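# Survey of secondary and tertiary structure
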Amino acid sequence: MIGSFIGKIRENFGGDAGSRGEFAPPTLGSGTRFPYGPFRFKAELPKGVPYEVQVASDLEHWVTLAEGVAPDAGIEYVDSQASNYNHRFYRVVANEVHSANIIGYASTTLPPGFSMIANPFDAADNTIAELIKVWPDGTTFNRFDTRLFRLSDNAVKYGKWTNPSEKLLPGEGGIFFNPTSDYKSLNFVGEVMQGNLSVPIPAGFSVRSSLLPHPGQLDEDLGFPIGDGDVIHLFDRDRQAYVLYPFAGGKWKGGSPVVNICESFWVAKTEAANWTRAILANP
């Protein structure tokens, strides 16, 4: 398992940046996942600087995909193997300096009917209109308002979302309805959130997702602040039914829930808490 995940991230990203001089870290952007699979992004770095493009599926084990010397002020890279993975993360090392940010993509398959979804990245535009495009009329997305204790209404009508400016941020989630009879892929693209992060978990019901873009056991791997009396509700997309995971007497009844990337869940919490994570992506 990845219980020591964050500690390992710190080890990977450790080091004395000052010893590398005044070279500014590269910045990654313009990430695009094409329908047929490849992933493209750009990196800003000075002309003539040697660089490496590195990839990981867990923010821990990085592999060099390509290396060269920047022919211009910036590079563009296309990962043609991206179609073989449902999520991947990218960084660039230039002059031995790691990029200031990490970008990536994550894909999830939505069956006919309902799914609970989450946006694992900080995208350039986190509105529903930009995150979830080209879906037919009858598609719906509902977020849960913990103050008003009700679901929001957002649907595709006449080819457009009725509330296009509604946002879906990392740590949040919602209920998505696929009105077709087909299994469809939904791609999220953006930056991995960095720093000391926190998601408030109020007492009562809420819908939440992990800030760490990684699948795993909710408490051990993803650090969720579980407490006695809490109940997690995961939605089984295949059976179109909720599966409950009560926590009592210091243990789970029925085993610890495993949450996938791009998946949100219902929380029934007895006492309010903060779900904190320390994700350091810049050496």
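Owing to the predicted nature of the structure, the values given are computational and were not obtained by experimental measurement.

Take the overall build of the protein chain next. When helices and strands are counted, the protein chain shows two helices and 25 strands. Taken over C-alpha atoms, the radius of gyration comes to 20 Å for the protein chain, in line with the 19 Å a tight globule of 283 residues would show. With respect to the three principal axes, the spread of C-alpha positions in the protein chain is 55 × 50 × 30 Å. The long-range fraction of contacts in the protein chain, counting pairs at least 24 apart against all pairs at least 6 apart in sequence, stands at 71%. Distance between charge centroids for the protein chain: 5 Å, based on 24 positive and 31 negative side chains.

Attention now goes to unusual backbone geometry. In this model, L59 sits at a positive phi of 60°, which is unusual for a non-glycine residue. With respect to the element layout, L59 can be found in the loop between β3 (50-56) and β4 (63-69). With phi around 55°, Y158 is a residue other than glycine that occupies positive phi space. Along the chain, Y158 falls in the loop between β13 (156-157) and β14 (160-161).

Turning our eyes to something else, we now look at the pairing of strand β2 (residues 39-44). Burial along β2 is one-sided: the face carrying F39, F41 and A43 is buried and the face carrying R40, K42 and E44 is not. Two elements, strand β1 (residues 27-33) and β2, share five bridges in a ladder whose sense is antiparallel. When the sheet's bridge partners are listed, G29 is paired in β2 with K42. Two elements, β2 and strand β5 (residues 75-79), share five bridges in a ladder whose sense is antiparallel. Bridging across to β5, K42 finds its partner in E76.

For the rest of this paragraph, the subject is the environment of Y245. Following the sequence through the fold, Y245 ends up in strand β21 (residues 241-248). When the C-alpha atoms of Y245 and D230 are compared, they prove to be 8.5 Å apart, with 15 residues separating the residues in sequence.

Further remarks concern the sheet that holds strand β10 (residues 140-142). If you trace the three strands from one edge of the open sheet to the other, you get β9-β15-β10, paired in antiparallel fashion. In the strand order of this sheet, the two ends are held by β9 (113-117) and β10, each with one partner. Across the sheet, the axes of successive neighbouring strands diverge by a mean angle of 20°, strand direction being ignored.

In this approach a probe as big as a water molecule rolls over the atoms, and the regions it shows empty are the leftover space. Under the definition given, this model contains one cavity of 30 Å³ or more. What lines the largest cavity is a set of 15 residues, among which S210, N260, I261, C262 and E263 lie closest to the centre. Looking at the lining of the largest cavity residue by residue, the classes come out as eight nonpolar, six polar and one charged.

Looking now at the pattern of salt bridges. For the structure shown, the criterion picks out six salt bridges. Across the pair R88 and D79 runs a salt bridge, and its minimum N-O distance is 2.7 Å. The residues R88 and D79 share a single accessibility class, namely buried.

Conventions we followed
Numbering of residues starts from 1 in each chain and follows the order in which that chain's sequence is written. Under the rules for a predicted model, residues below a pLDDT of 70 receive no local features and side-chain atom pairs below 80 are neither given nor counted, while totals for whole chains, interfaces and linings still include all residues. Excluded from the side-chain calculation are hydrogens and water; included are all heavy atoms of the structure. Labels follow the DSSP assignment, with helices taken as runs of H or I lasting at least four residues and strands as runs of E lasting at least two, numbered in each case from the N terminus. Radius of gyration means the value over C-alpha atoms here, while the globule rule gives 2.2 Å times the residue count to the 0.38 power. Contacts were defined at the residue level, with two residues in contact if any of their heavy atoms lie within 4.5 Å. Charge assignment in this entry is limited to Lys and Arg as positive and Asp and Glu as negative, and neither His nor the chain termini are counted. To locate a charge, take NZ of a lysine, CZ of an arginine, CG of an aspartate or CD of a glutamate. In this scheme, a residue with accessible area under 20% of its type's maximum is buried, one over 50% is exposed, and one in between is partly exposed, where area comes from a 1.4 Å probe on protein chains only. In this analysis, strands are considered paired if DSSP registers two or more bridges between them. Convention adopted: a line fitted to C-alpha atoms gives each axis, helices being fitted over their contacting stretch, and angles between N-to-C directions are expressed from 0 to 180 degrees. Think of a 1 Å grid over the protein atoms and nothing else: a 1.4 Å probe that fits but is trapped marks a cavity, an open set flanked by protein within 12 Å on at least five of seven lines marks a pocket, and residues with an atom within 4 Å of a point count as lining. Grid points are joined across faces, edges and corners, and a volume is the space filled by probe spheres set on the points. Residues are grouped as follows: Ala, Val, Leu, Ile, Met, Phe, Trp, Tyr, Cys and Pro are nonpolar; Asp, Glu, Lys and Arg are charged; all remaining types, including Gly, are polar. A pair is scored as a salt bridge if a Lys or Arg side-chain nitrogen falls within 4 Å of a carboxyl oxygen belonging to Asp or Glu.

Functional significance is not addressed by these values, which are geometric in nature.
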